[in-house]
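One letter stands for each residue in the lines below.
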Amino acid sequence: MRSMTRRLSTLRSRTGATRTSCAVLAMAVPVLTFGLPAAPAVAAPLPGGLGPCIPGSCPDPFPGINNGPIAGRDDAINVFVGNDFLVRGRAAEAEGRVVVLDDFDQNKDQSASGLYNLGIAGVGSRVAPPVDSDFLTAGGNVTIAAGQTLETTGGLLGERGIVRYAGTQTGTVNGELVQDDAAIEPYAGLRDQLTDASRCYARVDGRPRTATGTAVNQGTQTLFTGDGTSALQVFNVDFDMVGPGGTQQGIVFAGIPDDATVLVNVIGTDRVLNTYSGGISDDTDPLNAYRERLLWNFPDATAVDLQGTGQFQGSFLMGEQSSMTNVQLPGINGRFFTTGSLTHTSSATGGGGQEFHAYPFNGDLPDCGGPQPTTGEVRVLKTDTDTGAPLAGADFELWRETNDTPGLQTRGTEPDTRVSTCTTRADGICAATTTTGTYYWRETAAPDGYELPDPNVFGPLVLSEANAGTGVQTEAQNTATTEPPGTGRIDLVKKDRKNGEPLAGAVFELWRETNDTPGLQTRGTEPDTRVDDCSTDENGGCSFDDLPLGEYYLRETAVPEGYVLPTNPVSGPYEVTAENSTTGVTATIENTRGEPCKGKTCKDRRA
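On a predicted model such as this, the values are computed, not experimentally measured, just so you know.

Visitor: Talk me through the overall build of the protein; I want residue IDs and the actual numbers.
Guide: Within the protein, the regular secondary structure consists of four helices and 47 strands. Residues counted as buried form 50% of the 607 residues belonging to the protein. When the accessible surface of the protein is split by element, carbon and sulfur atoms take 50% of a total near 25,700 Å².

Visitor: Describe in detail the sheet that holds strand β37 (residues 437-445), supporting the description with residues and values.
Guide: Working definition: the strands of a sheet are paired by backbone hydrogen bonds and lie parallel or antiparallel to each other. The strand order across the open sheet formed by four strands is β35-β34-β37-β38, and the pairing between neighbours is antiparallel. This sheet does not close on itself; its edge strands, each paired only once, are β35 (417-423) and β38 (457-463). Ignoring which end each strand starts from, the neighbouring axes of this sheet average 25 degrees apart. For strand β34 (residues 395-400) and β37, the ladder comprises six bridges, and the chain directions are antiparallel. Among the inter-strand pairings, leucine 398 is bridged to a residue of β37, identified as tryptophan 441.

Visitor: For the state of the cysteines, give the residues involved together with the corresponding values.
Guide: Using the criterion set out here, one finds three disulfides in the structure. Bridging cysteine 422 to cysteine 430, the disulfide has an S-S length of 2.4 Å. With the S-S bond torsion at -105 degrees, the cross-link from cysteine 422 to cysteine 430 turns out left-handed. Across the disulfide from cysteine 534 sits cysteine 542; the S-S distance is 2.1 Å. The two residues cysteine 534 and cysteine 542 agree in class, both being buried.

Visitor: So what about the sheet that holds strand β23 (residues 270-275)? Which residues, and what values?
Guide: Pairing in this open sheet of eight strands is parallel, and the strands run β13-β10-β6-β3-β31-β28-β25-β23 from one edge to the other. The open sheet terminates on both sides in strands that have one partner only, identified here as β13 (169-170) and β23. Bridge count for strand β10 (residues 142-144) against β13 is two bridges, and the pairing is parallel. Note on β13: the bridge partner recorded for valine 142 is glutamine 169.

Visitor: Explain the packing of aromatic side chains to me, using residue names and the numbers behind them.
Guide: By the definition in use, this model includes 17 aromatic pairs. Note on phenylalanine 224 and phenylalanine 235: the rings are 5.3 Å apart at their centroids and 80 degrees apart in plane angle, and the pair reads as edge-to-face. With phenylalanine 224 in strand β19 (residues 221-225) and phenylalanine 235 in strand β20 (residues 232-237), this residue pair connects regions lying 11 residues apart in the sequence. Residue classification places phenylalanine 235 among the buried positions, given a relative accessible area of 0%. Plain terms: the ring middles of phenylalanine 316 and phenylalanine 336 are 5.5 Å apart, the flat faces sit at 35 degrees to each other, and that makes the pair tilted. Residue phenylalanine 316 is found in strand β27 (residues 315-318), and its partner phenylalanine 336 is found in strand β30 (residues 336-338); the two are separated by 20 residues along the sequence. On the basis of relative accessible area, phenylalanine 316 is assigned to the buried category, the value being 0%. Judged by relative accessible area, phenylalanine 336 falls into the buried class, the value being 0%.

Reading the values: the criteria
Residues numbered from 1 in each chain as written. Predicted model: local features only at pLDDT ≥ 70, side-chain atom pairs only at ≥ 80, totals over all residues. Heavy atoms only, no water. Helix = DSSP H or I, 4+ residues; strand = E, 2+ residues; numbered from the N terminus. Buried < 20%, exposed > 50% of the residue type's maximum accessible area, 1.4 Å probe, protein only. Areas by Shrake-Rupley, 256 points an atom, 1.4 Å probe, with all protein chains shown as cover. Pairing = 2+ DSSP bridges. Axes fitted to C-alpha atoms, helices over the stretch in contact; angles between N-to-C directions. Disulfide = S-S within 2.5 Å. Phe/Tyr/Trp six-rings, centres within 6.5 Å; stacked < 30°, edge-to-face > 60°.

Rendered as C-alpha cells:
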C-alpha cells in the first residue's frame, strides 16, 4: 500500500470543504432526543456532494435490479476506495464510476470467469456512466492478472469507459487507457472529509449520537424500530448483525415515516453482517423501499465482513482509514464509500457473481459543518429561428472551462471537461445543476426537420455565487430544413476475388460519417455513428435501407469460411444523395481465399 502523501492535496473546486476537526463538526449538529419532539435535522448531503445522481440523464425513479437496456447516465462516484481495491474470488461487477486512491488489483479465482465488469453491469440499475467518461480512476497501479480482463463495455456496442491511472498498468483492459500522474488529485480531499463525516454522524461531543429508535438482535432478525415521526431516523448498533452461531438473519425496519432518512451507526472495531435480506425485485422484500435514503455508517471498524445471500440495500460509509472491508454479499445496491481498503470477493465455500449496483443516496444527513460547494443551474433554450417556438429533441453536451484557453476545446491533449449530456424537453430546455464556473453548451444533433447550427457552441456562461440562485441561460436557435430529408439505401455484394462467385456469411457494420473527420473513426471522444450490421446471404448480398442522406462506411468484421479478412476492412465513403436515393448505391467487395476451407461448401466451390 503506497503512501498517501504523494498527491493528497485538497481541491475545493471539485471536492468541497477542506478538512475540519470532528469537534468543530459535532458542534454544528442538533441533538435529537428519543421520545420528545426532535429539532428538525438540517438537510445536508455527504461530503463533496456525494450521493445523488449527477446528470447525465438520471432516471426518476431509478429502476429496480434488471438486465434491460441502459436506463440512464450517472456521472457520480458509486464506489470510492481510500486505499486499495482488490478483486478476488468469483466477484463479477462494479456498476457506476469507481475512484480508488491507491491500487486497483484484479486477481480472481483461476477456476472462475476471468472477467470483471466495471462501469456497466449486466444486471443492476442499468444506469451507467456517460460513454467515454472515466469509469475507473486510480491513484496507483492498475493490475489485471494474466488470463483475466477488466471490461468497461458491458458487452455492448458503442459503450466503453476510460481507465485513468497515475501509476502503471498491467494486464488486459477492454477500454481506453490514460496514464495521468494527477489522476486522483480532484478526489484526494474526499478521504479525510468522509472520515470526519462518518465520525460526526456517529457521535456528538464524543458521545453517541442520540438515537430516535431502537435496534435489537432477536436472533433470527435484527429489528430496527423508529419513532414514527422524525425526518432523520437514527439507530446505534454495537453488535454483529448475525443469527445464532454467526448464521444469516433478516434485517427489518418498522416505524419509519415515508421519505425519512435512515442512519444506522454500527459501532465497534470488528463487525460482521450476515443476512439474506434484500431482493432482486422491489416487490419481494420491504428492505428495498429504504434503498436510496438508508446509510450504513461504520465509523470505527478496522475489519468489516458483509456476508450472506441477500441483495442488500442502502449505501455504506466506512470512516476508519486503516480498515479492510470484505464484501461477499451477492449485491450491494447503493453507494459504497470506504476510506480504507476494499476486497470484493466470494464465499470460501462457493458461489459467485458478487456485484455492486449503482443507486444514489438521496438522504438528508446531519449537517457536519464546513462550507458546501455553491451550485446552480446552467440552461440552454432551443428555439425555432423564425417563430421563436421551443424545440424538443435537440442533443447537447455541457462542457466546463478547465484548460484556461478561451473558447471550447473538445479535442487535443488538454481539452475542456465534458460535464453531462442532455436532450431538450418539450419546453426547449436542457438544464444541469453544477458548481460555479464557466460553461459551454455544444449542440450535437438538431431536432428532426432542423439543421445543426454553425457554429454549434453556445457560451461562455459564467455561473457565480451571485447568480447561482437563479442560474444562467443561453438561447440556441435552429433553422428548419428547406426540404424534408430524403432517404436512400446501400446494396452490398460480396464476391470471390478470383472467380467472382457470390459469398455468403460475410458480416459487415455500416457507419455514418458524423464527426466531420475524414475516414472512419469507431472510437475516441467523437466517433462516427454506427447504424446497423448485416450478413451476406447465399447470393452474396445484403442491404441497408431507409438511410438518411450522407456519407457511409462499411467495415467487414467476419469473413466466410476459407477466406481472410482484408488488411483494411473498411471501404467507403459511399455517398447517399437525393439523386441516387431511388436506385441506391451498390458496393461490391471482394475476398481472397486463405487457408483451405472444410466441408461440403468448400467442395462445391472447388467443383
